[in-house]
Amino acid sequence: MIDHAEITDLVGDQADAWDRAGRLPLDLVGKLAAAGVLCPQVPAEYGGPGMSSLAAGELTAHVGALCSSLRSLMTSQGMAAWTIRRFGSTEQRAEYLPQLVSGQLAGVAFSEPEAGSDLSAMATTIEREGDHVVITGGKVWVTGATYADLLIVFGRNGQGAAAVVVPTTTAGVTVTAVPDPMGCRAAGHANVQLDSVRLPADHLLSGAGLPLEWLVTSALTYGRLSVAWGCVGILRSCLTATTKHARTRHQFGKPLAEHQLVGRHVAELLVAEQAATRVCEHASRCWDDGKPELVPAAVLAKHLAAGNAARGAAAAVQVMASAGALDGHPVARAYRDAKLMEIIEGSNEISQILLAEHAMAVWA
Ligand code: FAD
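Each value, and the rule that gives it
- Residues numbered from 1 in each chain as written.
- Predicted model: local features only at pLDDT ≥ 70, side-chain atom pairs only at ≥ 80, totals over all residues.
- Heavy atoms only, no water.
- UniProt positions renumbered as here; feature names shortened; annotations may be inferred.
- Helix = DSSP H or I, 4+ residues; strand = E, 2+ residues; numbered from the N terminus.
- Rg over C-alpha atoms; globule rule 2.2 N^0.38 Å.
- Buried < 20%, exposed > 50% of the residue type's maximum accessible area, 1.4 Å probe, protein only.
- Expected span 1.5 Å × (residues − 1).
- Contact = heavy atoms within 4.5 Å.
- Disulfide = S-S within 2.5 Å.

The protein chain appears in an unreviewed UniProt entry as Methoxymalonate biosynthesis protein from Kibdelosporangium aridum. A UniProt comment under Sequence similarities (unreviewed entry) is attached to the protein chain, and it reads "Belongs to the acyl-CoA dehydrogenase family." Quoted verbatim from the Cofactor (unreviewed entry) field of UniProt, the annotation for the protein chain is "FAD".

*Asks:* Explain the overall build of the protein chain to me, please; I cannot follow it from the model alone.
*Replies:* Along its length, the protein chain carries 11 helices and nine strands. The C-alpha radius of gyration of the protein chain comes to 20 Å, within 12% of the 21 Å expected for a compact globule of 364 residues. Seen through its C-alpha atoms, the protein chain measures out along the principal axes to roughly 80 × 55 × 40 Å. When burial is assessed residue by residue, the protein chain has 55% of its 364 residues classed as buried.

*Asks:* Got a minute to help me understand the UniProt feature "domain: Acyl-CoA dehydrogenase/oxidase N-terminal" (unreviewed entry) in the protein chain in this structure?
*Replies:* As recorded in UniProt, the feature "domain: Acyl-CoA dehydrogenase/oxidase N-terminal" (unreviewed entry) lies at residues 13-104. Secondary structure content for residues 13-104 is 66% helix and 0% strand, and the end C-alpha separation is 25 Å.

*Asks:* Any chance you could explain the UniProt feature "domain: Acyl-CoA oxidase/dehydrogenase middle" (unreviewed entry) in the protein chain here in plain terms?
*Replies:* The feature "domain: Acyl-CoA oxidase/dehydrogenase middle" (unreviewed entry), as annotated in UniProt, sits at residues 108-197 in this numbering. The straight-line gap between the two end C-alpha atoms of residues 108-197 is 16 Å; of that span, 0% is helix and 52% is strand.

*Asks:* How do you make sense of helix 4 (residues 53-66) when you look at a structure like this?
*Replies:* Each turn of an α-helix holds 3.6 residues, which means side chains three or four residues apart point in the same direction. Taking 1.5 Å of rise per residue, 14 residues should cover 20 Å, and helix 4 covers 20 Å from first to last C-alpha, within 8% of that figure. Burial runs high along helix 4: 10 of the 14 residues are buried. Among the residues of helix 4, Ser-53, Ala-56, Gly-57, Leu-59, Thr-60, Ala-61, His-62, Val-63, Gly-64 and Leu-66 are the ones counted as buried. Structurally, helix 4 contributes buried residues whose contacts are with helix 1 (4-11), helix 2 (15-21), helix 5 (68-87), helix 7 (212-248), helix 8 (260-288) and helix 10 (330-341).

*Asks:* Whenever I open this one, the state of the cysteines confuses me. Can you help?
*Replies:* Covalently bonding the sulfur atom of one cysteine to the sulfur atom of another cysteine gives a disulfide. With the rule as written, the count across this model stands at zero disulfides. Lacking any disulfide linkage, Cys-67 is separated from the closest cysteine sulfur, that of Cys-184, by 8.2 Å. Free of any disulfide, Cys-280 has its nearest cysteine sulfur in Cys-231, 7.8 Å distant. Relative accessible area serves as the criterion here: at 0%, Cys-280 is assigned to the buried category.

*Asks:* Teacher, can you tell me more about the environment of Leu-10 here?
*Replies:* Within the secondary structure, Leu-10 is located in helix 1. Residue Leu-10 is classed as partly exposed on the basis of its relative accessible area of 23%. Taking the C-alpha atoms as reference, Leu-10 lies 34 Å from Ala-163; in sequence the two are 153 residues apart.

Written as structure tokens, this is what we have:
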């Protein structure tokens, strides 16, 4: 397993260039994937690092501080692996999980043009035809899809839902990159058209026919926790840049840090990072201990960490001012990347709805 310091060395100061190019180098992504870094919780019996959620979370924050596009691939690959672990048969786990920790890349496809926050509007169909399964529909904004070898596609299956493993080379699959995303620009977001894609039935993950909410919530819980830890990373990168600048940049005869209004920004950034870290640690411990409150804990962690990252990155740009107001500067990148974290894996508003339901169930 590659450790934090090695990942720092591998990424170096290239995140800015990748962001501008809208592309991650495939050799580096392949190396990290083959080391299991992109889905660190896959157990050792499948060749994975077998990390706890807590350890994987700190790794995710580390990558998130370096490059949110790369961290986005971790989130997708980890969600794909978790969905296979959770819903795959013994044979499916044995087939696909070793692939995901040996260099194959995966994306997860829920969203559709008419099914964003409301995934119950999903129109993609996954239908069994004898020994085959046929998938028809269109997915949007699938992270990592331009790099992916496999997609986990969710869709309707009879009265319920299903998830199916779709190799991107299958006839009928068309992957079209989302042009010029606002943030996480190198994360390979793409729209995916699935025209009567025909695959052997063993690509259909067991669990087919379950309610959509069950299937989706399981994958999203992993994704939310991963995004939340990624936001901790964004906050840490903002703290690094902001404190260094506030110490070295002088105005009115003293360092910026000695101006109390600037100090307040720095203090609030620290509070944002610490609070986000604590809620992420709590949710990860719920995961590791198999606690039932994991689902709301992951929503809370994602909601708090994404909001803190968006506000924290805005404060970091404020402190850096013209020094950070440049395309590709770490805080400018953080500002764009963090805003998107308030949209994905359940937007702020959807998170608030879920947390309100939870509060009513527990407190009313
Ligand atoms: P809409 O659902 O149209 O919502 C628009 C606004 O209305 C939002 O502010 C929303 O919060 C609000 N809203 C909607 N319903 C309600 C309500 N009931 N009450 C209050 N407010 C409401 N999808 C995938 O399947 N796989 C991926 O890997 C993936 N990666 C993504 C990466 C990025 C960077 C982005 C931007 C998107 C990604 N998506 C992915 C899509 C993402 O999941 C959706 O964008 C998200 O679910 C929101 O859907 P929408 O954009 O259609 O917004």
